[in-house]
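# An overview of the molecular structure
What follows is the residue order along each chain.
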Amino acid sequence: MATDFKDTVHAVEAAAVMGLLPGRPRLLALGEPTHGEDVLLDLRNDVFQQLVEEEGYRTIAIESDCLRGLVVDEYVTTGRGTLDEVMEHGFSHGFGASAANRELVRWMRAHNDGRPPSERLRFAGFDGPLEITGAESPRQAVTALHGYLSAQIDADQLPCTADTLDRLLGADDPWTDPAAMTDPARSVGQSAEACRLRLLADDLVALLDAHTPHLIQATSRDDWDRARLYGRTATGLLRYHFWMADTSPGRMTRLLGLRDSMMADNLLPLAERTPLLVFAHNAHLQREKSSMRMWDHPLLEWWSAGAIVSARLGEEYGFLATALGTIRHQGVTTPPPDTVEGLLYALPEDRCVIDSARLATTLADTRPAHRVSPYYGYASFDPAHLTSTDGIVFIKDVPRT
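Residues numbered from 1 in each chain as written. Predicted model: local features only at pLDDT ≥ 70, side-chain atom pairs only at ≥ 80, totals over all residues. Heavy atoms only, no water.

## Re the sheet that holds strand E12 (residues 391-397)
The 8 strands lie next to each other as E1-E11-E12-E10-E2-E7-E3-E4, forming an open sheet whose pairing is mixed. The outermost strands of the open sheet, each flanked by one partner alone, are strand E1 (9-10) and strand E4 (122-127). Sheet topology note: the strand E2 (residues 27-32)/strand E10 (residues 317-326) ladder contains 4 bridges and is parallel. The partner of Leu28 across the bridge, within E10, is Gly318. Helix H14 (residues 305-313) contacts E2 and E10 of the sheet and is inclined by roughly 150° relative to E10. (Pairing = 2+ DSSP bridges. Helix = DSSP H or I, 4+ residues; strand = E, 2+ residues; numbered from the N terminus. Contact = heavy atoms within 4.5 Å. Axes fitted to C-alpha atoms, helices over the stretch in contact; angles between N-to-C directions.)

If you want it as structure tokens, here you go:
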């Protein structure tokens, strides 16, 4: 059957990717089905460089802490700091240890050296300050927003002082207690202090919006954008902590949805600036509902960041999922021939990009089986998503690194 769709197979190059889309999207999403494999990130780096050189893309956003990402952006745009410091402090989820991420940052800094600001590449994390085991304290975001506003707006316009925020925040340890993820009673998110902070953060964001003309003129568009990021993060984290303290059956579904909603809220402003490449797990970028099983919960389903952004941007959002043949060092061996991965594994190419809509047409009423992953860290491609995906990037074998 592999030869029936060989004309849908292309080299993994920017030109071929663009040929799968109705036009140049403002936000091009490239998903990965597993974390921690640098071969996927090396391919991402190659595609991003081609998009920069051939298509005018200027920003890359990855599934990493949005506040830590400011450290990386500062380095690639100005050279401030050292590469070692940036890799240690500019990434979450352990992504700073990746050699491919290090090469991306190094290349972006070298590319920007000597260029005017309008031509410089930008870096962003678009995840909230969250881990699967919990969330960060809202301290950094809410105090940075307050500091920005207090430097530009009369004190009598502010809803509170910095001392009030500090008193309400208290120590950071209760906010970051990992036990709160599985035990709502350990969360401080619905305490009187946290609820007061939610109202104050909302007032600070409203103040930021109301004074937009003055703030952009008095500071800069970049400074104002950064303040908006602090505002989104402060309100998003406080909302996430509030629902961590919830005891209803829908708690985990809500938390998963809130995380992806925060991701979407970070991506949409980036798309206003320049066309960008977004890289994250397929589950955060797909147009269909995402699902997963956690602990003793039944199947959880929520709308991904990609689904939310796609609904807002329409054809200006493009999504390519990545599928894999083998990850033998994780027990993922040759895929069954009746799966999407099995059909693609029969091709001679080690890596390629497939027109998924044409593949779906070629297969007609023969829907491939959904591959069963023997490794919890790898999510196989769902054949039901063929028609809602603009293309599939396929890598035949993932080597041990």
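Read on for the rest.
## A word on helix H7 (residues 162-169)
Of all the residues in H7, the buried ones are Leu165, Leu168 and Leu169. The buried residues of H7 occupy an angular sector of 100° when the element is viewed end-on, so they sit on one face. In H7, the exposed positions that point more than 90 degrees away from the buried face belong to Asp163 and Arg167. Downstream of H7 by one or two residues, Gly170 has phi in the positive range, about 65°. (Buried < 20%, exposed > 50% of the residue type's maximum accessible area, 1.4 Å probe, protein only. Arc of directions from axis to C-beta.)

## Section: the packing of helix H6 (residues 139-150) against helix H11 (residues 221-244)
It is at 8 Å that the axes of H6 and H11 come closest, and there the two elements cross at 140°. The orientation of H6 with respect to H11, classified from their angle, is oblique. As for the relative orientation of H6 and H11, their crossing is left-handed in sense. Where H6 approaches H11, its residues Ala141, Val142, Ala144, Leu145 and Tyr148 are matched on the opposing element by Asp223, Trp224, Ala227, Tyr230, Gly231, Thr233 and Ala234. (Parallel < 35°, antiparallel > 145°, perpendicular 65-115°, else oblique. Left-handed = near helix turned anticlockwise from the far one by under 90°.)

## Quick word on the packing of aromatic side chains
Counted under the stated rule, the structure contains 4 aromatic pairs. With 5.6 Å between their ring centres and 70° between their planes, Phe91 and Phe123 make a pair best called edge-to-face. One end of the pair, Phe91, is in the loop between helix H4 (83-89) and helix H5 (99-112); the other, Phe123, is in strand E4, and 32 residues separate them in sequence. A residue is classified by how much of its surface remains accessible, and Phe91, at 3% relative accessible area, is buried. Phe123 gets classed as buried once you look at its relative accessible area, which sits at 3%. A ring pair is formed by Tyr375 and Tyr376, whose centres lie 5.3 Å apart and whose planes are at 70°; its orientation type is edge-to-face. (Phe/Tyr/Trp six-rings, centres within 6.5 Å; stacked < 30°, edge-to-face > 60°.)

## Details of the nonpolar core
Ranked by internal contacts, the top residues of the largest apolar core, which has 47 residues, are Leu28, Phe48, Val105, Met108 and Phe123. If you tally residues by element for this core, the top one is helix H2 (residues 38-55), at 8 residues. Apart from the residues within four sequence positions on either side, Leu28 is in contact with Val17, Met18, Leu21, Leu51, Tyr57, Leu276, Leu277, Val278, Gly318 and Leu320. By size, the runner-up hydrophobic cluster in this structure holds 37 residues, among which are Val9, Leu27, Ile354 and Ala360. (Core = buried A, V, L, I, M, F, W, Y, C linked by side-chain atoms within 4.5 Å.)

## A closer look at the packing of helix H3 (residues 69-78) against H5
Interhelical geometry of H3 versus H5 gives an angle of 35° and a closest axis separation of 7 Å. Together, Val72, Tyr75, Val76, Thr77 and Thr78 of H3 and Val105, Met108, Arg109 and Asn112 of H5 make up the contact between the two elements. Classifying every residue of the contact of H3 with H5 by side-chain character gives 5 nonpolar, 3 polar and 1 charged. (Nonpolar A, V, L, I, M, F, W, Y, C, P; charged D, E, K, R; others polar.)

## Comments concerning the environment of Gln50
Its place among the elements puts Gln50 in helix H2. Separated by 35 residues in sequence, Gln50 and Ala15 have C-alpha atoms that sit 8.4 Å apart. For Gln50, the contacting residues outside a window of four places in its chain are Val12, Glu13, Ala14 and Glu55.

## Thoughts on the pairing of E4
Within E4, 6 of the 6 residues are buried, which leaves the element mostly enclosed by the surrounding structure. Of the two faces of E4, the one carrying Arg122, Ala124 and Phe126 and the one carrying Phe123, Gly125 and Asp127 are both buried. Pairing of strand E3 (residues 59-65) with E4 involves 5 bridges; the strand directions are parallel. Residue Asp65 lies in a different strand from E4, and its bridge partner there is Asp127.

## Points about the side chain of Ser356
Positionally, Ser356 belongs in helix H16 (residues 356-363). In contact with Ser356, not counting residues within four places along its chain, are Leu386, Thr389, Asp390, Gly391 and Ile392.

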